[in-house]
Amino acid sequence: MLKLFQQWMAPAPEMDVAHSLYDQVVSAARQPVFYQSYGVPDDLDGRFEMITLHEHLVLRRLRREGTRHADLAQAVFDVMFTDMDRSLRLMGVSDISIGKRVKTMAKAFYGRVAAYDGGLDAEDNGAALHQALDRNLFGTTGGGGAATPLIAAYLRACDRLLLDHSGDELAAGRLVWAPAPTAA
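On a predicted model such as this, the values are computed, not experimentally measured, just so you know.

K.L.:
Looking at this structure, how should I read the pattern of salt bridges?
P.N.:
Note on pairing: side chains with opposite charge can pair once their charged atoms come close. Evaluation of the coordinates by the stated rule reveals 12 salt bridges. Close ionic contact of Asp168 with Arg68 constitutes a salt bridge, the shortest N to O distance being 2.2 Å. Taken as a pair, Asp168 in helix H9 (residues 167-171) and Arg68 in the loop between helix H4 (44-63) and helix H5 (70-90) lie far apart in primary sequence, 100 residues in all. Judged by relative accessible area, Asp168 falls into the partly exposed class, the value being 45%. A relative accessible area of 49% means that Arg68 is categorised as partly exposed. Where salt bridges share partners, they join Arg60, Arg63, Arg64, Asp117, Asp121 and Asp159 into one cluster.

See below:
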């Protein structure tokens, strides 16, 4: 009975890898160039948007593996939203409204995933991706202007690198990112 209880209480094996991948997502999303040179709002919304962009790329790559890494993809998603929950609590959001706020964030995340997937897959010279970035990443500032195509190019470069990156590397907790744009 004790062994059964220990197995039930043990974290899923992919959770350590999911935490590592999410830490790399957050590090990529927090690069100062996005906020200082490209005008991404350096606030809760802007940081959520940058994490969402990078998380989306990781989950997009894991989806390409089919069911092979479905548990890892779910774990990475769960780690992100556990972190969002924790962050809201640290900011003093009441326990009563946490669930509603996290649900709103999850809904926003899924909307962005659809928009960014559509933009990355579109053959429209980047128009759909630019619109998605202006609407979401720069939504509170009225658009990214000259920064939008540069961030779009960065996302496309990251997407290509991740596509060429093996699923086994991802499953081992190793990500690759394109260099962040250096000036707007």
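Resuming the write-up.
K.L.:
I would appreciate a short explanation of the packing of aromatic side chains in the present structure.
P.N.:
Two descriptors summarise a pair of aromatic rings, namely the distance from one centre to the other and the angle between the planes of the rings. Per the counting criterion, the structure on display carries six aromatic pairs. Each ring, one from Phe77 and one from Phe81, has its centre 4.8 Å from the other, and the planes form 40°; the classification is tilted. One end of the pair, Phe77, and the other, Phe81, are both in helix H5, four residues apart, so they sit about a helical turn from each other. With relative accessibility at 8%, the residue Phe81 sits in the buried group. Taken together, Phe77, Phe81, Phe109 and Tyr110 form an aromatic cluster joined through their ring pairs.

Calculation rules
Residues numbered from 1 in each chain as written. Predicted model: local features only at pLDDT ≥ 70, side-chain atom pairs only at ≥ 80, totals over all residues. Heavy atoms only, no water. Salt bridge = Lys/Arg side-chain N within 4 Å of Asp/Glu carboxyl O. Helix = DSSP H or I, 4+ residues; strand = E, 2+ residues; numbered from the N terminus. Buried < 20%, exposed > 50% of the residue type's maximum accessible area, 1.4 Å probe, protein only. Phe/Tyr/Trp six-rings, centres within 6.5 Å; stacked < 30°, edge-to-face > 60°.

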